[in-house]
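What the coordinates show
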Amino acid sequence: MTELKCKLCGSKNVNFLFSEERSGVAYNSYHCEDCDLYQTLGDISDVSPDYVDLEEGDLVGEHVFIQRKSKIGAFTQWLEEAKRLDPGLAAGERRSVLDIGCGVGGFLDFARERGFDVYGFDASEAQARVAQKKHPNVRHAISMDDYMAEFAEKPRIDFVTMWDVFEHIRDPKTLLRQVRQYLTPNTVYFVSVPSGKPTKAKLAFAKIRNREIGLIPWEHVFYYTPSSLARVFADNGYEALKVTGVAPYVRDMNMHEFVRRNVHNLLQRTPYAFQICAFAKPQKV
């Protein structure tokens, strides 16, 4: 039997947490006690199966809603921090942004309306087609190299964003190093991910209710915590400028949603935020 090791720090000090099944296959989640990363270990597909197999007919109103209107507060939070990190942007200078895993283009809509030149690619062919109808620089691509090969003249990238994508990436080290080749020293790289910090509490609550935890470990193969998110950038040629909680993604208002938003807001600026983000720049050589 192959000995299990953490995919971030290489430690063998990984503890089994739970298992969930998809199509009769069990996927096992572990926690690294050394770097505080929650992760799926064992055999997993190279790409997220539930995502890349989507058809255009699957992209109904709710799917579009969660990629744009649901995240307006978080998009606005990103923009405010981007202006703080880039005085030129704050002064009205034109900037470009590349959204990796752009989906149907919800964030690209937001950015273009605010004067950005927008670029993006997605592993889902159906979603890339939808986004490309509004944003001609969008392509269907699996990697940064594949995307950039589409351009005779490589575009200048001032900002990179990944909204709820980084936790799906099977090999984050290769991604970060590959993307870095196309960045300027001042490019700001941003990711927003569901946090691993509440995982043990979620697991305990699921056991009380006699339910699966529902963390889809075949899709979300990593659940980063603030420290492990900063580390994955630092280990791969970046300086983590800020790691913090993310403004809640909203849903239609009802009593449950009222409580959910208030809990998210209460925890947003604590280590136990449900959604976290990182801003980083390439390390100086």
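Here, the structure is the one placed above.
The text that follows walks through the structure, step by step, so that each part is easy to find.

The rules behind each value
- Residues numbered from 1 in each chain as written.
- Predicted model: local features only at pLDDT ≥ 70, side-chain atom pairs only at ≥ 80, totals over all residues.
- Heavy atoms only, no water.
- Core = buried A, V, L, I, M, F, W, Y, C linked by side-chain atoms within 4.5 Å.
- Buried < 20%, exposed > 50% of the residue type's maximum accessible area, 1.4 Å probe, protein only.
- Contact = heavy atoms within 4.5 Å.
- Pairing = 2+ DSSP bridges.
- Helix = DSSP H or I, 4+ residues; strand = E, 2+ residues; numbered from the N terminus.
- Axes fitted to C-alpha atoms, helices over the stretch in contact; angles between N-to-C directions.
- Phe/Tyr/Trp six-rings, centres within 6.5 Å; stacked < 30°, edge-to-face > 60°.
- Lys NZ or Arg CZ within 6 Å of the ring centre and 35° of its normal.

Take the nonpolar core next. Counting residues in hydrophobic clusters, the biggest one holds 43 residues, and the most contacted among them are Phe-166, Val-179, Tyr-189, Leu-229 and Phe-233. If near-sequence neighbours (up to four positions away) are discounted, Phe-166 is found in contact with Pro-172, Leu-175, Leu-176, Val-191, Val-193, Tyr-224, Leu-229 and Val-232. In terms of nonpolar packing, the next biggest core, distinct from the first, is built from 26 residues, Ala-111, Phe-116, Ala-131 and Phe-279 among them.

Moving on to the sheet that holds strand β8 (residues 188-194). Taken in spatial order, the seven strands of this open sheet run β6-β5-β4-β7-β8-β11-β10, and their pairing is mixed. Two strands lie at the open edges of the sheet, namely β6 (138-140) and β10 (238-245), each paired on one side alone. Averaged over all pairs of adjacent strands, the angle between strand axes in this sheet comes to 15°, irrespective of strand direction. Bridge count between strand β7 (residues 159-163) and β8: five bridges; the pairing is parallel. Bridge pairing in β8 places Trp-163 opposite Ser-192.

Going through the model one piece at a time under the given rule, you end up with 22 aromatic pairs. Ring plane angle 70° and centroid distance 5.1 Å describe the contact between Tyr-147 and Phe-151, whose orientation is recorded as edge-to-face. The residues Tyr-147 and Phe-151 share a single accessibility class, namely buried. When the centroid spacing of 4.9 Å and the interplanar angle of 55° are considered together, the rings of Phe-190 and Phe-279 count as tilted. With Phe-190 in strand β8 and Phe-279 in strand β11 (residues 275-282), this residue pair connects regions lying 89 residues apart in the sequence. The burial state of Phe-190 is the same as that of Phe-279; both residues are buried. A cation over an aromatic ring shows up here: Arg-114 above the ring of Phe-110, its NZ or CZ 3.7 Å from the ring centre. For the cation-ring pair, Arg-139 lies above Phe-151, with the distance from its terminal atom to the ring centre recorded as 5.6 Å.

Taking strand neighbours across the sheet as the criterion, the four strands line up as β1-β2-β3-β9 in an open arrangement whose pairing is antiparallel. Only two strands of the sheet have a single neighbouring strand rather than two, namely β1 (14-22) and β9 (222-223). Bridge count between strand β3 (residues 38-41) and β9: two bridges; the pairing is antiparallel. Residue pairing in the sheet places Gln-39 in a bridge with Phe-222 of β9. Sitting on the sheet, helix α9 (residues 199-208) touches β1, β2 (25-32) and β3, and the angle it makes with β1 is about 55°.

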